[in-house]
Amino acid sequence: MIAISSLKTFALRIPNHRCLKPAIAAHLLVAAITLCPLVAQEAKPALASAAQKPKAVESPLKVSGVHYVSGNRRDPFLHPAPVKITVKPEDEEVSRGVPPPGIAGTFIEQAVLQGTSVRDDRKMAIVRGADTRAYFLKEGDRLFDGYLKTIGNDSITLVRETKMRSGKTITQEVTKRLRTP
């Protein structure tokens, strides 16, 4: 009520211009409508009794501890300049170089067991190499990435040696069997 009566007195003091008076009156009306709830709220504490304490006003914004999850997108809260991350290099295999000709240049995966020969105290394995030739091997003979460990009646066991950059040597046993028709 107070705001509306002050608007009337203010509107009466404005000089009579055809385009000015309606525009200002519209702006004043919008201001009065938006200020009326505030005037009414300010009048309530004056009407309240002294025994009642005013309630603490809570902030309309509530901050929660929500963590931002980027989902493989760029985080808008981080600086876009690249951050140097020091990653310890993985221990990887050392290159062996160019394989020599013959069975010494055959990888264990390329070797195919063709047959075995077992005599009194001698065992031999017939192995086809990468060059499709047959080689007669005994226990301890070397291939490019390992050696022949044992010879059985229908199988051989090869040991693959992998040398790592850290200096470690990783061994893995591979068994090759005869394919009988």
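All values reported here derive from a predicted model rather than from experimental measurement.

Moving on to the sheet that holds strand E2 (residues 123-128). Working definition: the strands of a sheet are paired by backbone hydrogen bonds and lie parallel or antiparallel to each other. Strand order in the open sheet made by the 3 strands is E1-E2-E3, with antiparallel pairing throughout. In the strand order of this sheet, the two ends are held by strand E1 (112-118) and strand E3 (134-137), each with one partner. Put simply, the sheet's adjacent strands are angled 20° from each other on average, direction ignored. As judged from the 4 bridges shared by E2 and E3, these two strands associate in the antiparallel manner. What sits directly across from alanine 125, in E3, is leucine 137.

With that settled, the discussion passes to the pairing of strand E6 (residues 155-163). The element E6 is extensively covered by neighbouring structure, given that 8 of its 9 residues are classed as buried. Here strand E5 (residues 146-151) runs beside E6; their pairing, made up of 5 bridges, is antiparallel. If you follow glycine 146 over to E6, its bridge partner there is arginine 160. Between the antiparallel neighbours E5 and E6 lie 3 residues. One ladder, built from 9 bridges, connects E6 with strand E7 (residues 169-177); its direction is antiparallel. Residue pairing for E7: serine 155 is matched across the bridge by arginine 177. Linking E6 to E7, which pair antiparallel, is a turn of 5 residues; within it glycine 167 sits at a positive phi near 105°.

So, on to the sheet that holds E7. The strand order E4-E5-E6-E7 describes an open sheet built from 4 strands, whose pairing is antiparallel. Both edges of this open sheet fall to strand E4 (142-143) and E7, since each of them pairs with a single strand only. Pairing analysis gives 2 bridges linking E4 to E5, with the strands arranged antiparallel. What sits directly across from leucine 143, in E5, is glycine 146.

Calculation notes
Residues numbered from 1 in each chain as written. Predicted model: local features only at pLDDT ≥ 70, side-chain atom pairs only at ≥ 80, totals over all residues. Heavy atoms only, no water. Pairing = 2+ DSSP bridges. Helix = DSSP H or I, 4+ residues; strand = E, 2+ residues; numbered from the N terminus. Axes fitted to C-alpha atoms, helices over the stretch in contact; angles between N-to-C directions. Buried < 20%, exposed > 50% of the residue type's maximum accessible area, 1.4 Å probe, protein only.

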